[in-house]
Amino acid sequence: NAGVTQTPKFQVLKTGQSMTLQCAQDMNHEYMSWYRQDPGMGLRLIHYSVGAGITDQGEVPNGYNVSRSTTEDFPLRLLSAAPSQTSVYFCASSQRTGGANVLTFGAGSRLTVL
Amino acid sequence: GESVGLHLPTLSVQEGDNSIINCAYSNSASDYFIWYKQESGKGPQFIIDIRSNMDKRQGQRVTVLLNKTVKHLSLQIAATQPGDSAVYFCAERRVTGGGNKLTFGTGTQLKVEL
C-alpha cells in the first residue's frame, strides 16, 4: 500500500516555464488536496477536490491549475512559473466523511524557480 | 479574521520530560481541531484530533486539551523521546459546501535534548 505518491521530489525551473506535479493515491480516498509550505507560514491550501470531476480553489490558487479525471490522480499544473512559487508542495488525501481529519500526506515536492 | 497561530516557534525539552505545545485559534465555527507532526524531510502525519464539543482527548502518550472559553488548544506529550523531535502543527477544520477544509498554523519546532 503506497499511500500518497508525489513526483518529482525535486525540480528546478526557470521563470516562465511550465510543469506538472503529479500526485497519486491508492486508498480510494474521495478528497484530495494540494498545499504549499513556506518558512514561517505553515501549510496553505492551493486547490482541493472532493471527487472525480470536482475541483475547487483553496487559499492561494493563483498561478496553479488542477484537474481530477480519476479518483486516484490529482495533478497540479504551473502554467508559467514565478520565483514566488518556490516552495515545498504537499499532496494530501482523506476520506470525505468520517475520518476526514486524517489527511495522508505525500513526501513532498521541492520546487525552485530561478 | 480567522487565524490559527502558535505561541512559541521553538520548544526545547529534556528527554523524559513532558512537552506542552500551545495553539490559539479564532474561528468559533470550527468543528474539529487537529494536531499533525512533521519530521524533517517528510510530509505531516496525523497525531490526534478533538471535536469542538469536547475538552480533552487522550491518545498514546499524547493528550489534547481544548479551552473554548479562551480559544486555546494544547498538545501534551508525556515522557518526551528523541523520536518526538519534529515540527508540530495545529489545524482547525471547517465544514464548507465543498467539503472539509483544514487551516494549519505556522508550526512549533520541538527539540528533545538528551
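Residues numbered from 1 in each chain as written. Chains lettered and ligands numbered in written order. Predicted model: local features only at pLDDT ≥ 70, side-chain atom pairs only at ≥ 80, totals over all residues. Heavy atoms only, no water.

Participant: Would you mind going over the packing of aromatic side chains in detail, with residue names and values included?
Facilitator: All names here are of chain B. Under the defined criterion, the tally for this structure stands at 11 aromatic pairs over all chains. Judged by centre distance (6.0 Å) and plane angle (80°), the ring pair of Y36 and F46 falls under edge-to-face. Taken together, the residues span a long stretch of sequence, with Y36 in strand β4 (residues 32-38) and F46 in strand β5 (residues 45-51) at a distance of 10 residues. By relative accessible area, which is 0% here, Y36 ends up buried. When the ring of F89 is compared with that of F104, the centres are 6.5 Å apart and the planes differ by 85°; the resulting orientation is edge-to-face. Of this pair, F89 sits in strand β9 (residues 86-96) while F104 is found in strand β10 (residues 99-104), placing the two residues 15 residues apart along the sequence. (Phe/Tyr/Trp six-rings, centres within 6.5 Å; stacked < 30°, edge-to-face > 60°. Helix = DSSP H or I, 4+ residues; strand = E, 2+ residues; numbered from the N terminus. Buried < 20%, exposed > 50% of the residue type's maximum accessible area, 1.4 Å probe, protein only.)

Participant: I'd like a description of the interface of chain B and chain A, backed by residues and values.
Facilitator: At the interface, 21 residues of chain B touch 20 residues of chain A. Buried area between chain B and chain A, both sides added, is near 1600 Å², and the carbon and sulfur share of it is 53%. Our enumeration of links across chain B and chain A arrives at zero salt bridges. Our count for the contact surface shared by chain B and chain A stands at two residue pairs in polar contact (both at pLDDT 80 or more). Listed by contribution, the elements that provide at least two residues to the side of chain B that touches chain A are β4, β5, β9 and β10 of chain B. (Contact = heavy atoms within 4.5 Å. Buried area = accessible area lost by both parts, 1.4 Å probe. Salt bridge = Lys/Arg side-chain N within 4 Å of Asp/Glu carboxyl O. Polar contact = N/O pair within 3.5 Å; in protein donor to acceptor, adjacent residues only side chain to side chain.)

Participant: Any details on the side chain of Q6 of chain A? Residues and values, ideally.
Facilitator: Residue and element names in this part refer to chain A. Mapped onto the fold, Q6 is located in strand β1 (residues 4-7). Take Q6: its relative accessible area is 5%, and that puts it in the buried class. From its side chain, Q6 meets the backbone nitrogen of C91 in a polar contact 2.9 Å long. In this structure the side chain of Q6 is engaged in a polar contact, spanning 3.2 Å, whose partner is the side chain of S109. Here Q6 is in contact with Q22, W34, Y89, F90, C91, G106, A107, G108 and S109, once residues within four sequence places are set aside.

Participant: With reference to specific residues and values, describe the state of the cysteines.
Facilitator: All chains considered together, the criterion is met by two disulfides over all chains. Disulfide partner of C23 of chain A: C91 of chain A, at an S-S distance of 1.9 Å. Since a negative S-S torsion denotes a left-handed disulfide, the C23 of chain A-C91 of chain A link at about -70° is left-handed. Residue C23 of chain A is found in strand β3 (residues 19-25), and its partner C91 of chain A is found in strand β9 (residues 87-94); the two are separated by 68 residues along the sequence. Across the pair, exposure class does not vary: C23 of chain A and C91 of chain A are buried alike. Here C23 of chain B connects covalently by a disulfide to C90 of chain B, the sulfurs 1.9 Å from one another. Taking the sign of the S-S torsion, about 55° here, the bridge from C23 of chain B to C90 of chain B comes out right-handed. On the criterion of sequence distance, the pair formed by C23 of chain B in strand β3 (residues 19-25) and C90 of chain B in strand β9 is long-range, its members being 67 residues apart. (Disulfide = S-S within 2.5 Å.)

Scope: geometric values only; no functional claims are made or implied.
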